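Descriptive structure summary
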Amino acid sequence: MPILRPFAVALLVFLQYPPPAADVPKRAAPQWVAPYREASARLIGEAVGSDVAWQRLAYLGDTFGARLSGSPNLEAAIKWAVDAMTRDGLENVHVEPVKVPHWVRGRESLEIVGPFLQPLVMLGLGNSVGTPPDGVEGDLLVVRSFEQLEAARDHVKGRIVLFNVPFTTYGETVRFRAEGPSRAGALGAVAVLVRSVGPAGLRTPHTGALVYAEGQRQIPAAAVAVEDAARLQRMSDRGTPVRLRLKMEARFFPDADSANVVGEIRGRDLPEEVVVIGGHFDSWDVGTGSTDDGGGCIATWEALRLMKKLNLRPRRTVRVVLWTNEENGGRGGQAYRDRHLGELPNHVMMLESDSGVFRPTGFGFSGTEAGRARVRDIATLLSGIHADAIGPGGGGADIGPSVQHAGIPAMSLEVDGNYFLIHHTPADTVDKIDPLDLARSAAAIAVMTYVIAEMPDRLR
Ligand SMILES: [Zn+2]
């Protein structure tokens, strides 16, 4: 029997693969999508029959590396994208200038100085202030919530506060990274550490932006790995006094020039009506931003390349936008809204891919019930690649400003993968991404976008 066990496990895994895309029962394709079946099959076939997208994503990360706002790497990558989109035959390829914040990490370190000297792995939080050249030193205070910080308010002064909050969802846990530094700073802390906002990795710290509260004292802040947060918690629970030293050179320079990249396939009947898809081209300054969000950029761009390659010119314009500065400012998304303000009423749908390009399961959708029904119908064309589930909210940080301003139906690519394990870490490199997953992601986006741009009536 023990000999059979590995086989039985393998069989179980095999029988469950591919896993069901959603708990929604499969639906038969409605009659109205039948005319799009052939184009959809061609788009999917072309996508999964090549590794163009993955090779492009690998080239992006390998050549330019990390693409933080203000870096020459990002600007060089933007130039490359414009050239490559032009070579793909996309139309109206251009940049739309955006002034972006220019934060630079510099050298940084964190060490336990007592009871014994030990360096720890860390990453300063984006937009943090730096420390004096000799760093800041303080005794450790560990809290697990804002309530515990409040309860310890008389003991915060002069301390380095660690928020040791286990990862639940990004939305729930990220507020300790965003707000923790100002909350502890207001009570007199000299620095803040946060347990990385993500599931346990291999002692991988996760950077990410903090947001200083208006008018509050600004103190330096850094992320530590899940393992080190747990270790500092144990030392604290034992009553071991822990003294830490944090050194960070982080600082802001004057705002820098950057740009959103735009490419199109102009609509053949209704060119003024636009379906916008895209991702953010900037990344954090560690890793190569392949999952966050090089993959989303390449997958949406690939959707247009596929249409162009197959000579599919839909009724409406399809536009890909690679937004700048999502990670530490959101200026690209705001600039897009401001520049296209008059045109936003003609935006039929906006889709952002910023959850990784792992195995696609479908899309999130925000809009009317009628719109949702339409999108669910279109998704039946993706049942062959198990990307046909339509979930409750869709959207993204970069499309958000436009979507909210004009009430535009919003979508996001949904995938099954380890996004929050990888993003904002040095491990965000292209090897985590399966070429076929990326090809299927591009195929799913291409089919959904093509049908919305092609169908006779506008998505409402
Ligand atoms: Zn992102």
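A brief structural summary. Here the structure is a predicted model, which is why all the values come from computation and not from measurement.

Quick notes on the rules
Residue indices begin from 1 for each chain and proceed along its sequence in written order. Selection of residues for local features in this predicted model requires a pLDDT of at least 70, selection of side-chain atom pairs for listing and counting requires 80 or more, and totals for whole chains, interfaces and linings are taken over all residues. To obtain the side-chain values, all non-hydrogen atoms of the structure were used and water was disregarded. Put simply, DSSP marks the helices as runs of H or I at least four residues long and the strands as runs of E at least two long, and each gets a number from the N terminus on. Note on method: radius of gyration uses C-alpha positions; expected globular size equals 2.2 Å times residues raised to 0.38. Classification of residues uses two cut-offs on accessible area relative to the type maximum, computed with a 1.4 Å probe and protein chains only: under 20% is buried, over 50% is exposed, and between them is partly exposed. Contacts are residue-level and defined by heavy atoms, with any inter-residue pair within 4.5 Å sufficient. Method for areas: the Shrake-Rupley scheme with a 1.4 Å probe, in which residue coverage is limited to the protein chains shown. A positive count includes Lys and Arg, and a negative count includes Asp and Glu. His and the chain ends are not counted in either. The location of each charge is read from NZ of Lys, CZ of Arg, CG of Asp or CD of Glu. Only protein atoms enter the 1 Å grid used here. Points where a 1.4 Å probe fits but cannot escape make up a cavity, open sets with protein on both sides within 12 Å along at least five of seven lines make up a pocket, and a residue lines them when an atom lies within 4 Å of a point. Grid points are joined across faces, edges and corners, and a volume is the space filled by probe spheres set on the points. When residue character is reported, Ala, Val, Leu, Ile, Met, Phe, Trp, Tyr, Cys and Pro are called nonpolar, Asp, Glu, Lys and Arg charged, and the others, Gly included, polar. Each reported salt bridge corresponds to a side-chain nitrogen of Lys or Arg within 4 Å of a carboxyl oxygen of Asp or Glu. To obtain an axis, a line is fitted to C-alpha atoms, over the contacting stretch when the element is a helix, and the angle between two such axes runs from 0 to 180 degrees between their N-to-C directions. In these notes the angle categories are as follows: under 35 degrees is roughly parallel, over 145 is roughly antiparallel, 65 to 115 is roughly perpendicular, and the rest is oblique.

**Observations concerning the overall build of the chain**
Scanning the chain from N- to C-terminus turns up 13 helices and 16 strands. Its C-alpha radius of gyration of 24 Å places the chain within 12% of the 23 Å reference for a compact globule of 460 residues. C-alpha atoms of the chain, sized along the principal axes, occupy 70 × 65 × 40 Å. Scored against the burial criterion, the 460 residues of the chain give a buried share of 58%. Put simply, of all contacts in the chain between residues at least 6 apart along the chain, 84% involve residues at least 24 apart. Of the roughly 18,800 Å² of accessible surface on the chain, 55% is carried by carbon and sulfur atoms. Side chains of the chain carry 49 positive and 54 negative charges; the gap between the two charge centres is 2 Å.

**Section: the layout of surface pockets**
Of the pockets and cavities examined, the largest pocket occupies roughly 590 Å³. What lines the largest pocket is a set of 29 residues, and nearest its centre among them are Tyr170, Asp354, Ser355, Tyr419 and Phe420. For the lining of the largest pocket, the elements supplying multiple residues, two or more each, are helix H6 (170–186), strand E16 (410–416) and helix H12 (419–422). Taken together, the residues that form the lining of the largest pocket break down as 9 nonpolar, 13 polar and 7 charged.

**As for the pattern of salt bridges**
Note that side chains of opposite charge can pair when their charged atoms are close. Taken as a whole and assessed by the stated rule, the structure comprises 31 salt bridges. When the shortest N-O distance is used, the salt bridge between arginine 56 and aspartate 88 registers 2.7 Å. Residue arginine 56 is located in helix H3 (residues 52–64), and its partner aspartate 88 is located in helix H4 (residues 72–88); the two are separated by 32 residues in the primary sequence. An identical accessibility class is assigned to arginine 56 and aspartate 88; each is buried. Here the residues in one salt-bridge network are Glu111, Glu137, Asp139, Arg243 and Arg245, joined through shared partners.

**Thoughts on the packing of H4 against helix H8 (residues 290–309)**
Two measures define how a pair of helices packs: the angle their axes make with one another and the distance between the axes. Put simply, H4 and H8 touch, their axes get as near as 10 Å, and they point 20 degrees apart. As the angle between them shows, H4 and H8 are arranged roughly parallel. Contacts between H4 and H8 involve Trp80, Ala81, Ala84, Met85 and Asp88 on the former and, on the latter, Trp301, Arg305 and Lys308. Of the residues belonging to the contact of H4 with H8, the class tally is 5 nonpolar, no polar and 3 charged.

**A short note on empty space enclosed by the protein**
Across all of its chains, the model carries 1 cavity of 30 Å³ or more by this definition. By volume, the largest cavity amounts to about 40 Å³. Along the walls of the largest cavity sit Ser283, Trp284, Val286, Gly289, Asp292, His424, Thr425 and Asp428, which together make up its complete lining. Residue composition of the lining of the largest cavity, grouped by class: 2 nonpolar, 4 polar and 2 charged.

It is worth stressing that arrangement in space is one thing and function is another; only the former is reported here.
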